[in-house]
Amino acid sequence: MITGDIMDNAPCGYLVIDERGGVIQIDNTLKNWLKYSDEEKNAKGLSIYNFLTIGSKMYCETHFFPMLQFKGHVKEINLELLKKTGETQPLLVNANFHRNNNGIKEYVCILIDITHRKLYEKELLLAKQQSESHLKELQEINEGLSQFSHTVAHDLKSPLKNILGLLQLVDNNEIASSKEYLSIAYDQGQEMVEMIDELLAFASSGNKNQPFEPVLTNSMFESLNNKLEMLLQKEDVKLHCPKTNFTITGNLSELVRLFQNLVENAIKYKKWGISPEIHISITQTSDNIIFSVADNGLGIPTQYKKSIFNPFVRVHKDYTSIKGSGIGLATCKKIVSAHQGEIWVESEVDKGSTFFISLPL
Ligand code: ADP
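This report concerns the structure included in the present document. Since the structure is predicted, the reported quantities are computational estimates derived from the model, not experimental observations.

Conventions we followed
- Residues numbered from 1 in each chain as written.
- Predicted model: local features only at pLDDT ≥ 70, side-chain atom pairs only at ≥ 80, totals over all residues.
- Heavy atoms only, no water.
- 1 Å grid on protein atoms, 1.4 Å probe; cavity = no way out; pocket = protein on both sides within 12 Å on 5 of 7 lines; lining within 4 Å.
- Points joined across faces, edges and corners; volume = space filled by probe spheres on them.
- Helix = DSSP H or I, 4+ residues; strand = E, 2+ residues; numbered from the N terminus.
- Nonpolar A, V, L, I, M, F, W, Y, C, P; charged D, E, K, R; others polar.
- Pairing = 2+ DSSP bridges.
- Axes fitted to C-alpha atoms, helices over the stretch in contact; angles between N-to-C directions.
- Contact = heavy atoms within 4.5 Å.
- Left-handed = near helix turned anticlockwise from the far one by under 90°.
- Buried < 20%, exposed > 50% of the residue type's maximum accessible area, 1.4 Å probe, protein only.

With the rule as written, the count across this model stands at one cavity of 30 Å³ or more. A volume near 80 Å³ is recorded for the largest cavity. Residue lining of the largest cavity: Leu15, Ile17, Ile48, Phe51, Leu52, Phe64, Leu79, Leu91, Val93, Cys109 and Leu111, and that is the complete set. Secondary structure elements with two or more residues in the lining of the largest cavity: β1 (13-17), β4 (88-99) and β5 (105-113). Looking at the lining of the largest cavity, its residues break down into 11 nonpolar, no polar and no charged.

Following this line, the structure appears as structure tokens:
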């Protein structure tokens, strides 16, 4: 047995127990950890089973004591102390078997508090999980980027090839027909410019550096109406915006761009001979604000409900008169994601589509 002030108040717990776990000696450090009252501290008949968690008790039965008996010592065993207050404290335990002066078996245990080490381990594990998930995200972004650049290069190359082909024809033919070729080449060039503009809009959308501020939905829809005024008149569109004013947090110009894309699509994919009618509405739940943009257009087959939000996916490719590059909805998705929201669509072919945007309050 070790006695004395220094040993009794060492920065680690010191415990001597008998073969069945009965406490022979316990130091002040361990008593203080256990938060025992003065009477309890001196109580006789204490056993280590009084101050271990259920898991640790089982571990003692199945491993700790059998190992001590077999090897005569154990090193760096993890046990959990159950304090009087119900709190737990992780411990690292080293123990040695010896016989006292009377030849009776005793186990001498040193207990080290590893609360901080466990917290540190937890933080390390969290940091590891975070870095793994960032790595996965980066890999996905990289894969997306390589797919994206491949499609961009392909889509930009095809009108350019047409232009070059047409120029060659002009070069080989008489002047009389070249005007027609030049006009086709001009249209192709125009298509390329539009596509590059859309790509630039896609690249700049959802940028994390864009400032967020309180946005009044009424002023957002006013800007939208101003931007679309000419198109709405030209296409004879009825656009119904919500009257109730809500305040959301976001980037005004990005949010206007989001609704502009959706409304322009609702007009672009209208049914032949039917004037587009678009209803925008807002509902509020306990956590979110949900916008819906409903049209009476061509509708979207169910199998495209998810993929249309990926770049370059076009459902109505056969309608050659409807121009597009398939980047509009991908841009919408990027904007919504930057606002920590979600976007989805419900649709029925030939009846119309409703796009939903849910933003956190
Ligand atoms: P695009 O430049 O082709 O319009 P988008 O990314 O904006 O690209 O849309 C992707 C595809 O989703 C479109 O090509 C179209 O087939 C379909 N789509 C989008 N909005 C609507 C809508 N309101 N009604 C029907 N189809 C739509």
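Spatially, β2-β1-β5-β4-β3 is the arrangement adopted by the five strands of the open sheet, whose pairing is antiparallel. Two strands lie at the open edges of the sheet, namely β2 (23-26) and β3 (73-82), each paired on one side alone. On average, each strand axis in the sheet is tilted by 25 degrees relative to the strand beside it, whichever way the strands run. Relative to β4, β3 is paired through eight bridges, and the arrangement is antiparallel.

On the basis of which strands lie adjacent, the open sheet formed by five strands has the order β7-β9-β10-β12-β11 and mixed pairing. The outermost strands of the open sheet, each flanked by one partner alone, are β7 (238-240) and β11 (342-348). Along the sheet, successive strands turn relative to each other by an average axial angle of 15 degrees, direction set aside. With seven bridges connecting them, strand β10 (residues 288-294) and strand β12 (residues 352-360) associate as antiparallel partners. Across the sheet, residue Ala294 finds its bridge partner in β12, namely Thr354. Contacts from helix α7 (residues 217-234) reach β7, β9 (277-284) and β10, with the element oriented near 170 degrees to β9. The strands touched by helix α9 (residues 328-338) are β11 and β12; relative to β11, the strand with the most contacts, the crossing angle is about 140 degrees.

The next thing to look at is the packing of α7 against helix α8 (residues 252-268). Between α7 and α8, whose axes approach to 9 Å, the crossing angle comes to 40 degrees. The handedness of the crossing between α7 and α8 is right-handed. Listed contacts from α8 to Met220, Phe221, Ser223, Leu224, Lys227, Leu228, Leu231 and Leu232 of α7 are Leu252, Leu255, Val256, Phe259, Gln260, Val263, Glu264 and Ile267. Grouping the constituent residues of the contact of α7 with α8 by class yields 12 nonpolar, two polar and two charged.

Unlike most non-glycine residues, Lys35 shows phi in positive territory, near 60 degrees. Looking at where Lys35 falls in the secondary structure, it is placed in the loop between α2 (28-34) and α3 (38-42). Using a relative accessible area of 45% as the deciding quantity, one classes Lys35 as partly exposed. Phi at Gln340 is positive, roughly 60 degrees, even though this residue is not glycine. Within the secondary structure, Gln340 sits in the loop between α9 and β11.

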